[in-house]
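Next come the chains, spelled out residue by residue.
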Amino acid sequence: MSKITLNKTKFFNNLDIIADKTKSKDKIALVLKDNAYGHGLELVAQMAQEYGITKAVVRTTSEAKIIENFFTYILVLADIPQMPDENIRYTINDIATIKKFPKGTKVELKVDTLMHRNGIAIDALEMALEAIKEQGLLLEAIFTHHRSADELTSEWFVQNKLFSQVKVKAKSLGYEELRYHSANSASLFRYGDFDEDMARIGIAAYGCLESSASTQEDLQPILSLSASKNSTRELTKGERVGYGGSYAMSVGAKVSNYDFGYADGFIRILSNNYTTPNGQKLLGKISMDNSSFLCEEEEIVIFNDAREIAKQAQTIPYEILTSLKAGIKREFL
Ligand SMILES: *Cc1c(COP(=O)(O)O)cnc(C)c1O
């Protein structure tokens, strides 16, 4: 059986560093979409509540419902509700969807300041505000998203400037009381003096922020994946391990098979080419639920830093983490 362990001390330490930047725990909206980046939605919600986080961001209504009792504020990024909910705010990603939201829904309007993925065009702000009013929706905030906050380019500044124009415009149209937010993890760490109403923080809280535009060395990954042993055998020089016999023993040694594989969400491309943090060498192909290592331990740590796996697999830690299947047993330390 493979198992995910979350380190609460490291999580709280990451949140301390983040709260130091936002200047208040209350300004952290913890992003829990996609099973809390693979960490486990309820488990992370529970730890976050214990720390004193009051706000969360998710993708769907069903995710929001699962964690409803842990937070006083939940923002749903991409869903349309059947009926309004006291705790839950919904994102308006497009003018055309405004008429699909039931009257009385709390909403936040996303504005496209450069990313060109979701959100209304800045030019359409007045029209969108009118349509929201006509539909009887309760607008609480306007927000935007950065496209390259993790790279040291001028785009971060360009988007901030465009967003401040949006604020001025909304105020001039009589919207005095709205909240505004734009920062994700990488963006927050670029501020010298953070002054927005809230920051939407995902990857930094999980300790895997990688940004060339700021320093954040003290953040630490909180998730480790481990696996327990199925069996051990003694192999002789030249014997081959696993599907296709792709690894041949160079000397006789004890080899163990662990209950872990690509069905857990680990990438098969690292077959024959992976060594665990404790030096146990993977032999042969990663199978669906079985992988063999040159060791005998009852339980081995597969990884405890998704950034390292991501580098080896030429992807980003977000993909490594969110790929971990919901069925894996999870607990916190
Ligand atoms: C996922 C997401 C975030 C969190 O981004 P991180 O880089 O993980 O901090 C923030 N805002 C929006 C709109 C998102 O979709």
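Remember, predicted model here, so these are calculated numbers, not experimental data.

Chemist: Please clarify how the site of the ligand should be interpreted in this entry.
Modeler: Surrounding the ligand, one finds Val31, Lys33, Tyr37, Leu77, Lys110, His145, Asn184, Ser185, Arg200, Gly202, Ile203 and Tyr318. With respect to the ligand, the side chain of Ser185 contributes an N or O atom lying 2.5 Å from an oxygen atom. The backbone of Ile203 places a nitrogen or oxygen atom 2.8 Å from an oxygen atom of the ligand. Protein chains shield 92% of the accessible area of the ligand, which is 390 Å² for the free molecule. Looking at the shell around the ligand residue by residue, the class counts come to 5 nonpolar, 4 polar and 3 charged.

Chemist: What is the right way to read the nonpolar core from this model?
Modeler: When a protein is soluble and globular, its nonpolar side chains tend to lie buried together. Membership of the largest hydrophobic core comes to 97 residues, with the highest contact counts inside it found for Phe11, Leu32, Leu109, Ile142, Phe266, Ile302 and Phe303. Among the elements that take part in this core, helix α3 (residues 41–51) stands out by supplying 7 residues, more than any other. Here this core gathers at least three residues from each of two domains, domain 1 (8–201) and domain 2 (223–332). What Phe303 contacts, discounting residues up to four positions off in sequence, is Leu223, Ser224, Leu225, Phe266, Tyr274, Pro277, Ile309, Ile320 and Leu324. By size, the runner-up hydrophobic cluster in this structure holds 7 residues, among which are Leu235, Val241, Ala253 and Leu283.

Chemist: I keep staring at the domain arrangement of the chain and nothing clicks. Help me out?
Modeler: One frequently used descriptor of interface size is the decrease in accessible area upon assembly of the parts. Partitioning the chain into domains gives domain 1 (8–201) and domain 2 (223–332). Placing a centre on the C-alpha atoms of domain 1 and another on those of domain 2 gives a separation of 37 Å. When the two sides are added together, the surface that domain 1 and domain 2 hide from each other amounts to roughly 850 Å², 72% of it contributed by carbon and sulfur. Counting across the domain 1 and domain 2 interface gives 0 salt bridges. The interface formed by domain 1 and domain 2 contains 2 residue pairs in polar contact (both at pLDDT 80 or more). Split into classes, the residues belonging to the side of domain 1 that touches domain 2 amount to 3 nonpolar, 5 polar and 2 charged.

Chemist: I tried to follow the side chain of Ser292 on my own but got confused; where do I start?
Modeler: If you trace the backbone, Ser292 turns up in strand β16 (residues 291–293). A distance of 3.3 Å separates a polar atom in the side chain of Ser292 from a polar atom in the side chain of Asn257. Contact partners of Ser292, with chain neighbours within four places excluded, come to Val241, Val255, Ser256, Asn257, Lys281, Leu282 and Leu283.

Chemist: Looking at this structure, how should I read the side chain of Asp85?
Modeler: Locating Asp85 in the fold gives a position in the loop between β4 (73–76) and β5 (88–92). Judged by relative accessible area, Asp85 falls into the buried class, the value being 16%. Within the structure, Asp85 has its side chain in polar contact with the backbone nitrogen of Asn87 (distance 3.0 Å). Discounting residues that sit within four places of it in the chain, Asp85 has contacts with Lys65, Glu68 and Lys106.

Chemist: Looking at this structure, I do not really get the pairing of strand β3 (residues 55–58). What am I missing?
Modeler: Here is the key point about a regular strand: its side chains alternate between the two faces of the sheet. Along β3, one buried face is formed by Lys55 and Val57 and the opposite face, lined by Ala56 and Val58, is buried too. Relative to β3, strand β2 (residues 28–31) runs parallel, the two sharing 3 bridges. Opposite Ala29, over in β3, you have Lys55 as the bridge partner. Pairing between β3 and β4: 4 bridges, direction parallel.

Chemist: Explanation requested: the pairing of β4 in the structure shown.
Modeler: Burial of the side chains of β4 extends over both faces: Tyr73 and Leu75 are buried on one face and Ile74 and Val76 on the other. The parallel pair β3 and β4, bridged by helix α4 (residues 61–66), forms a crossover whose chirality is right-handed. When β4 meets β5, the two strands line up parallel, connected through 3 bridges. Among the inter-strand pairings, Leu75 is bridged to a residue of β5, identified as Arg89.

The rules behind these values
Counting from 1, residues in each chain are numbered in the order their sequence is written. Totals for whole chains, interfaces and linings use every residue, but because this is a predicted model, local features are given only for residues with pLDDT of at least 70 and side-chain atom pairs only at 80 or more, for both listing and counting. For the side-chain quantities, the full set of heavy atoms in the structure was used; hydrogens and water were omitted. Proximity is defined per residue: any heavy atom of the residue falling within 4 Å of a molecule or strand makes that residue near it. Any pair of nitrogen or oxygen atoms within 3.5 Å is treated as a polar contact; in protein, a donor-acceptor pairing is required on top of that, and neighbouring residues in sequence qualify only through side-chain atoms on both sides. To measure how exposed things are, a 1.4 Å probe is used in the Shrake-Rupley method; for residues, cover is taken only from the protein chains shown. Lys, Arg, Asp and Glu make up the charged group, whereas Ala, Val, Leu, Ile, Met, Phe, Trp, Tyr, Cys and Pro make up the nonpolar group; the residues left over, Gly among them, are polar. Working definition of a nonpolar core: buried Ala, Val, Leu, Ile, Met, Phe, Trp, Tyr and Cys residues. They are joined through side-chain atoms within 4.5 Å. Remark: exposure states derive from per-residue accessible area (1.4 Å probe, protein chains only) relative to the maximum for the residue type, with buried under 20%, exposed over 50%, and partly exposed in between. Going along the chain from the N terminus, every DSSP run of H or I of four or more residues is numbered as a helix, and every run of E of two or more is numbered as a strand. For the purposes of this description, domain bounds are those given by an automatic or database domain assignment. Residues are treated as being in contact if the distance between any of their heavy atoms lies within 4.5 Å. Here the quantity called buried area is the accessible surface, traced with a 1.4 Å probe, that two parts lose on coming together, added over both. Should a side-chain nitrogen of Lys or Arg be within 4 Å of a carboxyl oxygen of Asp or Glu, the pair is scored as a salt bridge. When DSSP finds two or more bridges between two strands, those strands count as paired. By convention, a crossover is right-handed whenever its connection, traced from the first strand over the helix to the second and viewed with the strands pointing away, goes clockwise.

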